[in-house]
2 protein chains.
Amino acid sequence: MNQQLKKIILSTFVLLFASQLSAQDFYNTQTRDKWLKIAKDNQPKLVEKLKYPVSLADITADASAFQGYKTTKGKDIQTLYTTSLKKQSGNVIDFGEHLTGYFTFSLQTLNSTADAPVRLKFTFGEVPSEVSVPFDPYTGGLSRAWLQDEVVTVTEFPATITIPRRLAFRYVKIEVLGSSPYFDFVLNDCFIKATTSVSSLPAPLASTTPEIFSKIDKVALNTLKECMQTVFEDGPKRDRRLWIGDVVLESQANMYSFKEHTLTKRCLYLLAGLAQEDGFLYSNVFETPVPHAQEKSPFLFDYSLLYNVALKEYLGATGDKETAEDLWPVAKRQMDNISKYLDKDGVFNAAQAAKDGWWLFVDWNDKLDRQASLQGIMIYSMKETLALAKMIGKEKEVNQLSGLITKMSNGAKTKLFEKKLGLFVSGASHQVSYASQSWLVLAGVLKDNENQKVLANLQKYNEAVKPGAPYMYHYYVQALINCGLTNDAKSIVETYWGGMVNKGADTFWEVYDPTNEKLSPYGFYPMNSYCHAWSCTATYFIRKYPNIFQKQ
Amino acid sequence: MNQQLKKIILSTFVLLFASQLSAQDFYNTQTRDKWLKIAKDNQPKLVEKLKYPVSLADITADASAFQGYKTTKGKDIQTLYTTSLKKQSGNVIDFGEHLTGYFTFSLQTLNSTADAPVRLKFTFGEVPSEVSVPFDPYTGGLSRAWLQDEVVTVTEFPATITIPRRLAFRYVKIEVLGSSPYFDFVLNDCFIKATTSVSSLPAPLASTTPEIFSKIDKVALNTLKECMQTVFEDGPKRDRRLWIGDVVLESQANMYSFKEHTLTKRCLYLLAGLAQEDGFLYSNVFETPVPHAQEKSPFLFDYSLLYNVALKEYLGATGDKETAEDLWPVAKRQMDNISKYLDKDGVFNAAQAAKDGWWLFVDWNDKLDRQASLQGIMIYSMKETLALAKMIGKEKEVNQLSGLITKMSNGAKTKLFEKKLGLFVSGASHQVSYASQSWLVLAGVLKDNENQKVLANLQKYNEAVKPGAPYMYHYYVQALINCGLTNDAKSIVETYWGGMVNKGADTFWEVYDPTNEKLSPYGFYPMNSYCHAWSCTATYFIRKYPNIFQKQ
């Protein structure tokens, strides 16, 4: 064989090996299968309860009520069951609480024989506006099919029919779209087989707890309970997925309330088993028909980092080192992204990352510049990861982190902190926002007393971009608590989460702007999820910090 | 005991007995149970076949086409299965033939992960207009729910979903009412599990049969096959009941084609077992959830009489004396109504009967005066009943009939026949109609040559009220044949049923007026049944009278 030929053969082998390497799974199939099996083995059996309506509801247009609809108790539910449904078309049933599950109704004829099918429309609402506002012509950006209106043809009497899709609601509007003039009928029964994986009540709050925090806690627990199904869902109405950002908050709220730690374990394993081939995590996964991730979805950078926080907190709450060690390679791998878009000063080049297709979420807020927030999340997640590593003796495996933390902290202090304002700024426009301050305070870039000053300055800075949703409010409250501004934290929980309670919330909402009740990231406010995981953390604060929230 | 007390006790007993008698069932429970068991034992096992669409259909507005919609073959069906359904919203699938059964479809994603449910609307049509005309706002008189549009939420991919209600259609329009902008999908499969109780094909027609009658026969057989399910239904789309008027015609068409006589037996027993308490028959019965009649429905006089014709014809076709004898008490009982509204001349007081709540049907035609037709139906049914009695040696049990036939025939001749016109007239307005002439010809009131003259005169009498639907056309054709006007009979079948064929009928329609294609008894023409039992009898004529219809 001549040298030329040898060279060609060798280079061909190298190329083949390299292409194999690039297509190789970061975690091998065996590991993934094991992780997915553990996820499956830890799937909770749902607790099912039959729940019946408590009354009819009168919903009327009222500009002073939440979203313009005022709800008062209507007629006794027996009226529904015993009076012609034709004469009650448009009536709204009230189940008295937010429930998630499968809706069943029964029809029977009234004094004559059914000679034709009946066409009914059921509209299920988490809040009164959902059963009041017309859905069509539809203006929203997400699938119209999330809206919970179902048209059912009943061909036989008596009938007992279960609507196939799982629903999440408190209110049900019933409309008769078609019926025979030759017979009448009643809806003589209806119920929901409500499901949750929560099996027990948490400890009661201290008797000294102010009423508003008791109320907030109750609504927060309901929110969490409803979202806890066979995974921690983001919302039982929409979109019912396991998202890292939500599970981080839900699992921590769960630690201080229901303590269903196997659900956390299941979710951590599910996310790991379904990670990208390169080892980085998908932001969310689906359970059915088989567990799978959203292919071709953009890589959500901040969520991938926060996975490590959830794993560390899980270990802290349970002492389950086996799980932490088993999933450590996943946590460790997420750190490999940290340095990809750092400039020479250790500052995150958010614009370039976004341009390259990374999704930088931070908050639902179109106006928000995300650079400084991400800088904070990156430092924060490195510190948490380092803490996790220490708990399981893996520091050496991530010995790059200390240097990176220092470099990025310096970068934040020198490039993102505007001394004359005493505030962090973000992006080319030097934007000041609650998100940037909160995350860089949580990251501990400055000293404690400096952090306190930052958050005090923030509150005086009227132009600061405010949080867009409870998710960001959570991290702001946590930042306030961390730097000792407990009264401010208390006040935010009281006014923000308490504001929802005072507006009639049974569960906390995905998006809540006290000044714009119809705000929606989806172009149509009934599309919002009105029972949303990331909004449940008021109970976490109230229960984790009894000295702040459970004393008068 | 003194006499006074004895009297009181006795009269109390008499009253009790009388009240018991009046509440007594004409047929006892044991008999009814036996009849219903025989009906059940003779329930056919449905023949199920999976049928797939043959192509897409292009349906366009065209004033010259039937009901204003022209259908041409559209794209290959593979286009549907392989192209984004979003991009095909509104497309119509063509199954190539009228089918009855359960529709199943499958969806799968196209190149990405489903992140939201999908909302689809399927509209099923027997004729093109049904998938073209908006159903709402609904203007019809019967239940809107008969219209076959179903809204389905698909929450999981891949999905295979069967629409719960049974459907009858050739065309299916598919609309995407809601979907996520983040993924696409295809309808990768659909089919109907088509059902009928017809298990074999009838003998082919003679090779000499003119093409138009071959075509008419095929469409008529399809109509009958589609209506033959676990009873002879009136229409598989609407209203799917067993009506006496329809079964009389269907069972006779069946005798000359599919010969599924056990279905006839089942239907005769079902009607008998569910008769009114006073022994008279309900006009129609339902099979599910348990066999039952339409309580409080008006008594349909003509249908009750025609039951006897079906029983007699069944006996003639099968020689099944056991059934005829078993059901003879029912036939005999129907005759007890004949004399209730006769005047001294033996003429039926239709106005009074109708006023008292009897339903006199005869035909779908608001303008029709029904007196003379009923006079004919009564005489005809008595003659048929007498023939039945003779076949099973029961003449003595109905020895009143001969006298009544004579009396009513004389009444018809002297009071309803207008000599100067040479036509029968009906009611106070002396109305001339095809219905009156047909039924009084079938009743054989006049001599054969006189009957022929009547029908000849009728054709020249432009003001005569014409038949409203194929049901009445059937009896008119039979009358023409009976009195030897076979060319006229042939011409009616060719032009009336042939007219539907030429307008694209796959099955024959409940109502057909050549001059008004949108005629409907229900206020909205898509509500019409376009595959209707009583319209199937063209095959009966073509096959029973080969000399008329199967020769060039």
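Computed from a predicted structure; not experimentally measured. (Residues numbered from 1 in each chain as written. Chains lettered and ligands numbered in written order. Predicted model: local features only at pLDDT ≥ 70, side-chain atom pairs only at ≥ 80, totals over all residues. Heavy atoms only, no water.)

So, the packing of helix α10 (residues 371-391) of chain B against helix α12 (residues 434-442) of chain B
Residue and element names in this part refer to chain B. Orientation of α10 relative to α12, taken along the N-to-C sense of each, is 20°, at an axis distance of 8 Å. Comparing their axes, α12 and α10 come out roughly parallel. Here α10 and α12 pass one another in a crossing that is left-handed. Across the interface between the two elements, A372, S373, Q375, G376, I377, I379 and Y380 from α10 touch A435, S436, W439, L440 and L442 from α12. Broken down by class, the residue content of the contact of α10 with α12 amounts to eight nonpolar, four polar and no charged. (Axes fitted to C-alpha atoms, helices over the stretch in contact; angles between N-to-C directions. Helix = DSSP H or I, 4+ residues; strand = E, 2+ residues; numbered from the N terminus. Parallel < 35°, antiparallel > 145°, perpendicular 65-115°, else oblique. Left-handed = near helix turned anticlockwise from the far one by under 90°. Contact = heavy atoms within 4.5 Å. Nonpolar A, V, L, I, M, F, W, Y, C, P; charged D, E, K, R; others polar.)

Comments concerning the sheet that holds strand β12 (residues 292-293) of chain A
Residues and elements named next belong to chain A. Spatial strand order, β10-β11-β12: three strands in an open sheet with antiparallel pairing. The strands lining the two open edges of the sheet, one partner per strand, are β10 (242-243) and β12. Bridge analysis of β10 against strand β11 (residues 284-286) gives two bridges, and the strand direction is antiparallel. By the bridge assignment for β11, L242 is matched with V285. (Pairing = 2+ DSSP bridges.)

Some details on the interface of chain A and chain B
At the junction of the two partners, chain A supplies 38 residues and chain B supplies 38 residues. Taken over both partners, the interface formed by chain A and chain B buries close to 2,900 Å², and the fraction arising from carbon and sulfur atoms is 54%. It is T113(A), D115(A) and R119(A) in chain A that bury the most area against chain B; as a group they hold 19% of the surface buried on that side. Scanning the region where chain A abuts chain B turns up three salt bridges. The partner of R119(A) in a salt bridge is D149(B), and the shortest N-O contact between them spans 3.1 Å. The interface formed by chain A and chain B contains 14 residue pairs in polar contact (both at pLDDT 80 or more). Of all elements in the fold, only β5 (118-125), β6 (149-154), β8 (167-178) and β12 of chain A reach the threshold of two or more residues within the side of chain A that touches chain B. (Buried area = accessible area lost by both parts, 1.4 Å probe. Salt bridge = Lys/Arg side-chain N within 4 Å of Asp/Glu carboxyl O. Polar contact = N/O pair within 3.5 Å; in protein donor to acceptor, adjacent residues only side chain to side chain.)

Observations concerning helix α5 (residues 244-255) of chain A
Residue and element names in this part refer to chain A. With twelve residues, α5 extends 16 Å between its outermost C-alpha atoms, agreeing within 8% with the 16 Å of an ideal straight helix rising 1.5 Å per residue. Burial of α5 is extensive: twelve of the twelve residues sit out of reach of the surface. Taken as a whole, α5 has its buried residues at I244, G245, D246, V247, V248, L249, E250, S251, Q252, A253, N254 and M255. Contacts from the buried residues of α5 go to α4 (211-227), β10, α6 (261-273), α7 (301-318), α14 (470-482) and α16 (538-544). (Expected span 1.5 Å × (residues − 1). Buried < 20%, exposed > 50% of the residue type's maximum accessible area, 1.4 Å probe, protein only.)

Examining the environment of S129(A)
All names here are of chain A. Position of S129 among the secondary structure elements: in the loop between β5 and β6. Taking relative accessible area as the criterion, S129 reaches 1% and is therefore assigned buried. Once the C-alpha coordinates of S129 and G319 are considered, the two residues, 190 residues apart in sequence, prove to be 45 Å apart.

Looking at unusual backbone geometry
With the exception of glycine, most residues fall at negative phi, and the peptide bonds are largely trans. Residues and elements named next belong to chain A. Of note, the amide linkage connecting T288 to P289 takes the cis form, showing an omega dihedral of -5°. Checked against the element boundaries, P289 lands in the loop between β11 and β12. Of note in the backbone geometry, R240 takes a positive phi value of approximately 65° without being a glycine. Relative to the elements of secondary structure, R240 occurs in the loop between α4 and β10. For R240, a relative accessible area of 26% gives the class partly exposed.

Let's talk about the side chain of R119(B)
With respect to the secondary-structure elements, R119(B) resides in strand β5 (residues 118-125). Among the polar contacts made by the side chain of R119(B), one reaches the main-chain carbonyl oxygen of D149(A) at a distance of 2.7 Å. Once residues within four sequence positions are removed from consideration, R119(B) is found in contact with R144(A), A145(A), D149(A), V151(B), V152(B), T153(B), E175(B), V176(B), L177(B) and G178(B).

Considerations on the pairing of strand β6 (residues 149-154) of chain B
Residue and element names in this part refer to chain B. Within β6, six of the six residues are buried, which leaves it mostly tucked inside the rest of the structure. Residues D149, V151 and T153 line one face of β6 and the alternating positions E150, V152 and V154 line the opposite face, and both faces are buried. When β5 meets β6, the two strands line up antiparallel, connected through six bridges. Across the sheet, V118 pairs through a bridge with V154, a residue of β6.

Focus: the domain arrangement of chain A
All names here are of chain A. Along its sequence, chain A is organised into domain 1 (47-196) and domain 2 (211-549). Domain 1 and domain 2 are separated by 37 Å when their C-alpha centres are compared. Every contact between the two is made by 29 residues of domain 1 and, on the other side, 26 residues of domain 2. For the pair domain 1 and domain 2, the summed buried surface comes to about 2,500 Å²; carbon and sulfur atoms form 57% of the total. Ranking the residues of domain 1 by area buried against domain 2 places F66, W146 and R166 at the top, with a combined share of 27%. Where domain 1 packs against domain 2, one counts four salt bridges. Across the contact surface, domain 1 and domain 2 share 15 residue pairs in polar contact (both at pLDDT 80 or more). For the side of domain 1 that touches domain 2, the secondary structure elements donating two or more residues are β4 (92-110), β8 and β9 (184-196). Looking at the side of domain 1 that touches domain 2, the element that brings in the most residues is β4, giving three residues. (Domains from an automatic or database assignment.)

Quick look at the nonpolar core
Ranked by internal contacts, the top residues of the largest apolar core, which has 150 residues, are I216(A), Y307(A), F348(A), L455(A) and W497(A). Not counting residues up to four positions away in its chain, the partners in contact with I216(A) are V493(A), E494(A), W497(A), G498(A), V501(A), F508(A), A538(A) and I542(A). If you look at the next biggest cluster of nonpolar residues, it comprises 149 residues, including L305(B), L458(B), Y473(B) and L485(B). (Core = buried A, V, L, I, M, F, W, Y, C linked by side-chain atoms within 4.5 Å.)

A word on the relation of the copies chain A and chain B
Note on the identical chains: chain A maps onto chain B by a rotation of 180° and an axial translation of 0.0 Å, with an RMSD of 0.1 Å. Each copy turns onto its partner about a two-fold axis. Within chain A, V151(A) has its C-alpha nearest the rotation axis, a separation of 3.0 Å. With an isologous cut-off of 70% or more, the 100% of interface residues of chain A that recur at the interface of chain B puts this contact in the isologous class. (Least-squares fit on C-alpha atoms with pLDDT ≥ 70 in both.)

With respect to the sheet that holds strand β11 (residues 284-286) of chain B
Ordered by their spatial adjacency, three strands build an open sheet running β10-β11-β12 (chain B), and the pairing between neighbours is antiparallel. Edge positions in the sheet fall to β10 (242-243) and β12 (292-293) of chain B, since each has one partner strand and no second.

Some points on helix α13 (residues 448-460) of chain B
Between its first and last C-alpha, α13(B) extends 19 Å over 13 residues, near the 18 Å set by a 1.5 Å rise per residue. Here the buried face of α13(B) lies against β13 (417-418), β14 (423-424), α12 and α14 (470-482) of chain B.

Brief notes about the pattern of salt bridges
Under the criterion given, the structure shown has 58 salt bridges over all chains. As a salt-bridge pair, E211(A) and K215(A) come within 3.7 Å of each other at their nearest N and O atoms. Taken as a pair, E211(A) and K215(A) lie in helix α4 at a separation of four residues, close to a single helical turn. The exposure class of K215(A) is partly exposed, given its relative accessible area of 39%. Two residues, D336(B) and R333(B), come together in a salt bridge whose shortest N-O distance is 2.9 Å. Each of the salt bridges in this network shares a partner with another, and the network as a whole consists of R119(A), K121(B), D136(B), R144(B) and D149(B).

Some details on the side chain of Q294(A)
Position of Q294(A) relative to the elements: it lies in the loop between β12 and α7. With a relative accessible area of 11%, Q294(A) lands in the buried category. Among the polar contacts listed, one links the side chain of Q294(A) to the side chain of R241(A), at a separation of 2.9 Å. Among the polar contacts made by the side chain of Q294(A), one reaches the side chain of N284(A) at a distance of 3.5 Å. Setting aside anything within four residues of it in sequence, one finds Q294(A) in contact with R241(A), Y282(A), N284(A), F286(A), T113(B) and D115(B).

Let's talk about the packing of aromatic side chains
For the coordinates displayed, the defined rule picks out 97 aromatic pairs over all chains. Look at W509(A) and Y512(A): their rings are 5.5 Å apart centre to centre, the planes differ by 80°, and that puts the pair in the edge-to-face class. Between W439(B) and Y475(B) the ring centres are 4.2 Å apart and the planes differ by 35°, which places this aromatic pair in the tilted class. Highlighted residues: W439(B) in helix α12 and Y475(B) in helix α14, separated in sequence by 36 residues. Since its relative accessible area comes to 0%, W439(B) is described here as buried. (Phe/Tyr/Trp six-rings, centres within 6.5 Å; stacked < 30°, edge-to-face > 60°.)

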